[in-house]
Amino acid sequence: MTSGAAATERATPTRMAVRLTSPAGVEPVRAEVAVDAGDPVFAGHYPGFPVLPGVYLVEFVDQAMRLWLDGAPATLLVVERCRFLRPVYGGDTVEIEINLSRADRALRSSASLRTADGAVADIRLRHDTEVRT
Amino acid sequence: MNIGQRRIKQTIPHRFPILLVDRVVEVVPGERLRALKAVTGAEPAYADVAQDAPESAYAYPVPLLIESWAQAAVLLAVWETPNPDVLAGKVELAGAINDIRVHAPVFPGSMVEHQVEIVKAIGDTSILAGRTLCGGEPILEVNHFVLALRDISLLAGPESRTEEAQRAGV
């Protein structure tokens, strides 16, 4: 692991950590993550051509939602849509803007992700926000 | 049928630590494929989980489960035209994944089975769908995965950042 290996609250594909850049409770949610060129994933995706796996962008939106919910329960139930527009490379900073909508216990997030080169993905997720037993 | 790592690595470019298909148990080229993945506590995803974390913290990350299914989909799409080295050929890029339903978590010790079908293939673009089962129960449904093979020379590429990374010694 590339970090100082602080303990994580749950299993996660990467130590790259999203941070919120908008105040708590404010919508749209804004967040960003620095894509670490030294992350171990790049050795295997792909040898000689390191490009971030698209699913890592799903992880980043999920992380942003969990931060925004600040410990409230959230189970990822549906990936409604992921549209990948452009590859993301090590060294990029991914900026995330998320609009929220609610229906019963479901929280829908509609995220636009961009780097300095432009839009990289549109991702829509649905989380269940009640505790599952 | 029991096809292992050697043929898998001869077919797709994904490598450790993100090669997430262990074995192919059925393949009908151009039509369907079934593959296995064992989830184990020795995977990097579990390296730093806190000592006092609850059992639920050990749910296998959904993005990795999706990646694993998608690798099974890539295996099917290129089974007869292997593409094990992106620098020598084309790069697999997920164009879109829509309508994925997560039915249940899986934990270390689980063997999951990915089932993939080709819905449509047009030139270098394939549309695939399928599901993942664990103990016969569906845990993931993927209804629309668009996979595109793109000539690597058409991409801007990470060259400049790679050089920086090399200078930094990583």
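Residues numbered from 1 in each chain as written. Chains lettered and ligands numbered in written order. Predicted model: local features only at pLDDT ≥ 70, side-chain atom pairs only at ≥ 80, totals over all residues. Heavy atoms only, no water.

### Some details on the overall build of chain B
Okay, so step 1: Summing up its helical and strand segments, chain B has 3 helices and 6 strands in all.
Okay, so step 2: Reading chain B from its N end, one meets helices and strands in the order α-β-β-α-β-β-β-β-α.
Okay, so step 3: Relative to the 2.2 N^0.38 estimate, which gives 15 Å for 170 residues, the radius of gyration of chain B is 17 Å and therefore close to what a compact globule would have.
Okay, so step 4: Its C-alpha atoms give chain B principal-axis dimensions of about 45 × 45 × 30 Å. (Helix = DSSP H or I, 4+ residues; strand = E, 2+ residues; numbered from the N terminus. Rg over C-alpha atoms; globule rule 2.2 N^0.38 Å.)

### Re the overall build of chain A
Okay, so step 1: Of the regular secondary structure elements, chain A holds 1 helix and 6 strands.
Okay, so step 2: The linear arrangement of helices and strands in chain A, starting from the amino end, is β-β-α-β-β-β-β.
Okay, so step 3: Since a compact globule built from 133 residues should have a radius of gyration of about 14 Å, the 15 Å found for chain A is in line with a globular shape.
Okay, so step 4: Once the C-alpha set of chain A is aligned to its principal axes, its extents read approximately 45 × 35 × 25 Å.
Okay, so step 5: Going through the 133 residues of chain A one by one, you find that 50% of them count as buried.
Okay, so step 6: In chain A, of all internal contacts separated by at least 6 residues, the share reaching a separation of at least 24 is 61%. (Buried < 20%, exposed > 50% of the residue type's maximum accessible area, 1.4 Å probe, protein only. Contact = heavy atoms within 4.5 Å.)

### Notes on the nonpolar core
Okay, so step 1: Grouped together as the largest cluster of nonpolar side chains are 82 residues, with contacts concentrated most on Leu-57 and Leu-113 of chain A.
Okay, so step 2: Of the residues forming this core, the biggest block, 12 residues, is contributed by helix α2 (residues 62-78) of chain B.
Okay, so step 3: The next biggest cluster of nonpolar side chains, apart from the first, holds 8 residues, and it includes Val-51 of chain A together with Val-86, Ile-152 and Leu-155 of chain B. (Core = buried A, V, L, I, M, F, W, Y, C linked by side-chain atoms within 4.5 Å.)

### Description of the confidence of the model for chain B
Okay, so step 1: For chain B, per-residue confidence averages 90 on the pLDDT scale, and residues scoring 70 or more make up 91% of the total.
Okay, so step 2: Overall, residues 162-170 of chain B carries pLDDT values under 50, and its contacts beyond four positions in sequence, including any with other chains, amount to 4 contacts. (pLDDT = per-residue confidence, 0-100.)

### Concerning the interface of chain A and chain B
Okay, so step 1: Contact residues are listed per partner, giving 44 residues for chain A and 45 residues for chain B.
Okay, so step 2: Of the roughly 3,400 Å² buried between chain A and chain B on both sides combined, carbon and sulfur atoms contribute 65%.
Okay, so step 3: Between Asp-48 of chain B and Arg-15 of chain A there is a salt bridge, with the nearest N and O atoms lying 2.4 Å from each other.
Okay, so step 4: Here chain A and chain B share 13 residue pairs in polar contact (both at pLDDT 80 or more) between them. (Buried area = accessible area lost by both parts, 1.4 Å probe. Salt bridge = Lys/Arg side-chain N within 4 Å of Asp/Glu carboxyl O. Polar contact = N/O pair within 3.5 Å; in protein donor to acceptor, adjacent residues only side chain to side chain.)

### Considerations on the environment of Val-142 of chain B
All names here are of chain B.
Okay, so step 1: Looking at the element boundaries, Val-142 is found in strand β6 (residues 137-151).
Okay, so step 2: Looking at Val-142, the relative accessible area reads 1%, which means it is buried.
Okay, so step 3: Setting aside its immediate chain neighbours within four residues, Val-142 contacts Trp-69, Ile-97, Asp-99, Ile-100, Ala-129 and Gly-130.

### A closer look at the environment of Trp-79 of chain B
Residues and elements named next belong to chain B.
Okay, so step 1: Its location among the elements puts Trp-79 in the loop between α2 and β3 (90-102).
Okay, so step 2: Linking Trp-79 and Ile-8, residues 71 residues apart in sequence, is a C-alpha distance of 9.0 Å.
Okay, so step 3: In this view, Trp-79 contacts Ile-3, Arg-7, Thr-11, Val-24, Val-27, Pro-29 and Leu-33; residues no more than four positions away in its chain are not counted.

### Remarks on unusual backbone geometry
Okay, so step 1: At the junction of Glu-27 of chain A and Pro-28 of chain A, the peptide bond is cis and its omega measures out at 0° in the coordinates.
Okay, so step 2: With respect to the element layout, Pro-28 of chain A can be found in the loop between β1 (19-20) and β2 (29-34).
Okay, so step 3: With an omega dihedral of 10°, the bond running from Phe-16 of chain B to Pro-17 of chain B counts as a cis peptide bond.
Okay, so step 4: Its place among the elements puts Pro-17 of chain B in the loop between α1 (5-9) and β1 (23-28).
Okay, so step 5: A positive phi angle is found at Asp-70 of chain A, which is not glycine, with a value near 50°.
Okay, so step 6: For Asp-104 of chain A, which is not glycine, the phi dihedral falls at a positive 50°.
Okay, so step 7: Looking at where Asp-104 of chain A falls in the secondary structure, it is placed in the loop between β4 (93-103) and β5 (106-115).

### What to know about the pattern of salt bridges
Residue and element names in this part refer to chain A.
Okay, so step 1: Scanning all chains against the criterion turns up 20 salt bridges over all chains.
Okay, so step 2: Notably, a salt bridge pairs Arg-66 with Asp-62, separated by 2.9 Å at the nearest N-O pair. Linking Arg-66 with Asp-62, this pair stays in helix α1 (residues 54-69), spanning 4 residues, or about one helical turn.
Okay, so step 3: A relative accessible area of 25% places Arg-66 in the partly exposed class.

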